[in-house]
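Commentary on secondary and tertiary structure
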Amino acid sequence: MGSESGRVKRGQQSRISQWLRQRRKPTAEDPAREREALLLAVAAAGLPLAPAAHPVGYRCSCDRVGCPTPARHPISFAWQTQSTTDRAQVERWARNQPQANFITATGMVHDVLDVPLEAGAAALARLLEAGIEVGPVAESGGTGEQARMLFFTATRGTPEDEDEWWPCELDCHPETMDEHPGLRWHCRGSYVLVPPAALPGDLSVTWLRGMEHPLPDPLTLLETLTDACAAYAGTANLTPTAVAWPLGR
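Remember, predicted model here, so these are calculated numbers, not experimental data. Numbers given to residues run from 1 along each chain, matching the order in which its sequence is written. Note on the predicted model: pLDDT of at least 70 is required for a residue's local features to be given, and 80 or more for side-chain atom pairs to be given and counted; whole-chain, interface and lining totals, by contrast, use all residues. For the side-chain quantities, the full set of heavy atoms in the structure was used; hydrogens and water were omitted.

1. What to know about the nonpolar core
In plain words, nonpolar cores are sets of buried Ala, Val, Leu, Ile, Met, Phe, Trp, Tyr and Cys residues tied together by side-chain atoms within 4.5 Å. To sort residues, take the accessible area from a 1.4 Å probe on protein chains only and compare it with the maximum for the residue type: under 20% means buried, over 50% means exposed, and anything in between is partly exposed. Grouped together as the largest cluster of nonpolar side chains are 28 residues, with contacts concentrated most on Leu39, Leu49, Ile103, Phe152 and Leu193. Contributing elements (two or more residues each) for this core: helix H2 (31–44), strand E1 (49–52), helix H4 (87–96), strand E4 (101–105), strand E7 (148–154), strand E10 (191–194), strand E11 (197–199) and strand E12 (203–209). With 21 residues, the next largest nonpolar core counts Ala121, Val137, Leu183 and Leu225 among its residues. Numbered from the N terminus, helices here are DSSP runs of H or I no shorter than four residues, and strands are runs of E no shorter than two.

2. Quick look at the confidence of the model for the protein
In low-pLDDT regions, the fine details of the predicted coordinates are not to be read closely. The share of residues in the protein with pLDDT of 70 or more is 71%, and the mean pLDDT across the chain is 81. Here helix H1 (residues 2–23) is the element of the protein with the lowest mean pLDDT, 51, and E1 is the one with the highest, 98. Known as pLDDT, the predictor's per-residue confidence is scaled from 0 to 100. Only heavy atoms matter for contacts: two residues are in contact if any of them lie within 4.5 Å across the pair. Ignoring residues within four places in sequence, the model shows residues 239–249, a span with pLDDT below 50, making 21 contacts including any to other chains.

3. Considering unusual backbone geometry
Of the consecutive residues proline 195 and proline 196, the connecting peptide bond is found in the cis state with omega at -5°. Inspection of the secondary structure puts proline 196 in the loop between E10 and E11. For alanine 71, which is not glycine, the phi dihedral falls at a positive 65°. Mapped onto the elements of the fold, alanine 71 is located in the loop between strand E3 (59–60) and helix H3 (79–82). One non-glycine residue, aspartate 202, lies in the positive phi region at around 60°. By the secondary structure assignment, aspartate 202 is in the loop between E11 and E12.

4. A closer look at the sheet that holds E4
Read from one edge of the open sheet, three strands run E1-E4-E10, paired in antiparallel fashion. The outermost strands of the open sheet, each flanked by one partner alone, are E1 and E10. Each adjacent strand pair in this sheet contributes to an overall mean axis angle of 40°, direction not counted. Pairing of E1 with E4, which is carried by four bridges, proceeds in the antiparallel orientation. The residue bridging proline 51 from the neighbouring strand is phenylalanine 102, located in E4. In the packing of H4 onto the sheet, the strands contacted are E1 and E4, and the crossing angle to E1 comes to about 15°. Two strands form a pair only when DSSP identifies at least two bridges running between them. Fitted lines through C-alpha atoms give the axes, limited to the stretch in contact for helices. The angle between two N-to-C directions lies from 0 to 180 degrees.

5. Topic: the pairing of strand E5 (residues 110–116)
Burial within E5 is extensive, with seven of its seven residues counted as buried. Examined bridge by bridge, E5 and strand E9 (residues 184–186) share three bridges and lie antiparallel to one another. The residue bridging leucine 113 from the neighbouring strand is tryptophan 185, located in E9.

6. Observations regarding the environment of leucine 208
Within the fold, leucine 208 resides in strand E12. What makes leucine 208 buried here is its relative accessible area of 0%. For leucine 208 and alanine 138, which are 70 residues apart along the polypeptide, the C-alpha to C-alpha distance reads 5.3 Å.

This is the structure in structure tokens:
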């Protein structure tokens with residue numbers, strides 16, 4: 001019985017790996033047109049965008065020497081106010097800055113649950129198998145802890161009573177991302193790259209599930225994601241990130 005269960009599990013993991021590889025294949029003949037269409041789809045879904053840096057070889061396009069997050073940060077320090085869903089503005093940025101990546105500011109319309117790639121793949125398989133509604137999902141390339149999977153969800157918002165939520169180290173801000181090797185919750189004051197984005201070393205950020213999928217409630221995904229991250233932390237010798245729940249849960 002145990003060996004049969006093991007074969008089934010390995011078979012499921014193999015199918016998921018094959019599915020992920022198939023989803024990475026380019027489908028458009030015109031990369032510039034595809035890039036613009038994908039960005040406009042994000043903006044049309046209400047997710048605000050702003051231009052970000054791009055890779056120059058293994059370096060960042062910004063002027064900062066030894067940039068700690070090459071090609072992963074906004075161009076402007078005013079990215080929170082600059083972020084927009086305006087179609088005309090996004091088109092201008094995309095056409096005038098053909099190499100630029102784009103970030104989306106979280107915590108206004110959407111949040112992002114950001115997990116190690118291996119944990120995310122396991123969680124995604126379990127969620128889909130259980131019939132749970134999963135929204136847009138992106139893969140951010142890299143090696144080791146840099147390889148991530150991004151689950152886009154509806155925002156938890158700004159409650160009328162700010163005390164409804166505990167202060168939480170799970171809340172991830174751009175300057176604290178290195179402190180969270182496990183699950184990161186991008187909400188107010190944070191951002192993530194949106195596909196398509198290029199990273200140093202010929203890596204990329206790509207959609208596994210696009211914006212045609214509605215944004216789910218983050219709490220419907222959180223338990224499965226935290227369980228997968230805990231299992232991943234056990235095999236990778238990482239410290240799992242603590243989860244803060246709403247009061248009364």
